[in-house]
Amino acid sequence: MSFAITVKEDLLKVNTNDRAENMALLEALFRFGGEVVISFPVRLRFTCNNMALIRYVIKVCKLYYDIEYQIESRVIKRFDNKTVFTLEITKEADKLVKDLELLIYDSSLKKND
């Protein structure tokens with residue numbers, strides 16, 4: 001079993017009601033497997049090949065946000081057929097992005113002319 005699979009399975013065993021711990025876990029997951037889609041409204045996507053991890057992300061998000069989401073699955077055909085799941089959060093995605101500080105804007109950074 002690979003290290004990544006072992007870590008993901010261990011994450012699923014974390015059961016805490018501490019908001020700070022849950023938010024730190026969500027931030028880590030979104031930073032490594034997520035993307036922010038800048039549109040109106042903002043969307044947040046999380047992709048992985050472990051449906052249990054997708055369900056875990058949904059469960060933790062629902063504790064603090066009134067999210068709406070969709071789940072897509074697709075099969076990647078290469079050497080082995082692998083199913084990949086994508087969670088897309090639409091409602092309250094902007095609050096999640098802000099609270100998890102997934103986009104950091106520094107107004108002191110200016111374009112060189």
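Quick summary incoming for the structure in this document. On a predicted model such as this, the values are computed, not experimentally measured, just so you know.

### Focus: helix α3 (residues 51-64)
Right, so step 1: In this model, α3 (14 residues) spans 21 Å end to end at C-alpha, consistent with the 20 Å of a helix rising 1.5 Å per residue.
Right, so step 2: Residues of α3 that are buried include every one of Leu53, Ile54, Tyr56, Val57, Ile58, Val60 and Cys61, and no others.
Right, so step 3: Summarising the contacts, the buried residues of α3 are in contact with α1 (3-12), α2 (19-33), β2 (43-48), β3 (69-77), β4 (81-89) and α4 (93-99).
Right, so step 4: Measuring from the side-chain oxygen of the N-cap residue of α3 to the backbone nitrogen of Ala52 gives 3.0 Å; that N-cap residue is Asn50.

### Observations regarding the pattern of salt bridges
Right, so step 1: All told, the structure shown has 6 salt bridges when counted by the stated rule.
Right, so step 2: Where Asp66 meets Lys91, a salt bridge forms, and the shortest distance between an N and an O atom there is 2.5 Å. Separated by 25 residues along the polypeptide, Asp66 in the loop between α3 and β3 and Lys91 in the loop between β4 and α4 bring together distant segments of the chain.
Right, so step 3: One salt-bridge network, in which partners are shared between bridges, spans Arg43, Arg45 and Glu88.

### Some details on unusual backbone geometry
Right, so step 1: The phi dihedral of Glu92 falls on the positive side, at around 65°, and the residue is not glycine.
Right, so step 2: With respect to the helices, strands and loops of the structure, Glu92 is situated in the loop between β4 and α4.
Right, so step 3: The phi dihedral of Glu101 is positive, around 50°, even though this residue is not glycine.
Right, so step 4: According to the relative accessible area criterion, Glu101 is partly exposed, its value standing at 48%.

### Digging into the layout of surface pockets
Right, so step 1: Of the volumes computed, that of the largest pocket is approximately 150 Å³.
Right, so step 2: In terms of lining residues, the largest pocket is bounded by 13 residues, among which Lys8, Leu29, Phe32, Phe46 and Leu53 are the most central.
Right, so step 3: With 5 residues, the single largest contributor to the lining of the largest pocket is α2.
Right, so step 4: Residue composition of the lining of the largest pocket, by class: 10 nonpolar, 2 polar and 1 charged.

Rules and cut-offs
- Residues numbered from 1 in each chain as written.
- Predicted model: local features only at pLDDT ≥ 70, side-chain atom pairs only at ≥ 80, totals over all residues.
- Heavy atoms only, no water.
- Helix = DSSP H or I, 4+ residues; strand = E, 2+ residues; numbered from the N terminus.
- Expected span 1.5 Å × (residues − 1).
- Buried < 20%, exposed > 50% of the residue type's maximum accessible area, 1.4 Å probe, protein only.
- Contact = heavy atoms within 4.5 Å.
- Polar contact = N/O pair within 3.5 Å; in protein donor to acceptor, adjacent residues only side chain to side chain.
- Salt bridge = Lys/Arg side-chain N within 4 Å of Asp/Glu carboxyl O.
- 1 Å grid on protein atoms, 1.4 Å probe; cavity = no way out; pocket = protein on both sides within 12 Å on 5 of 7 lines; lining within 4 Å.
- Points joined across faces, edges and corners; volume = space filled by probe spheres on them.
- Nonpolar A, V, L, I, M, F, W, Y, C, P; charged D, E, K, R; others polar.

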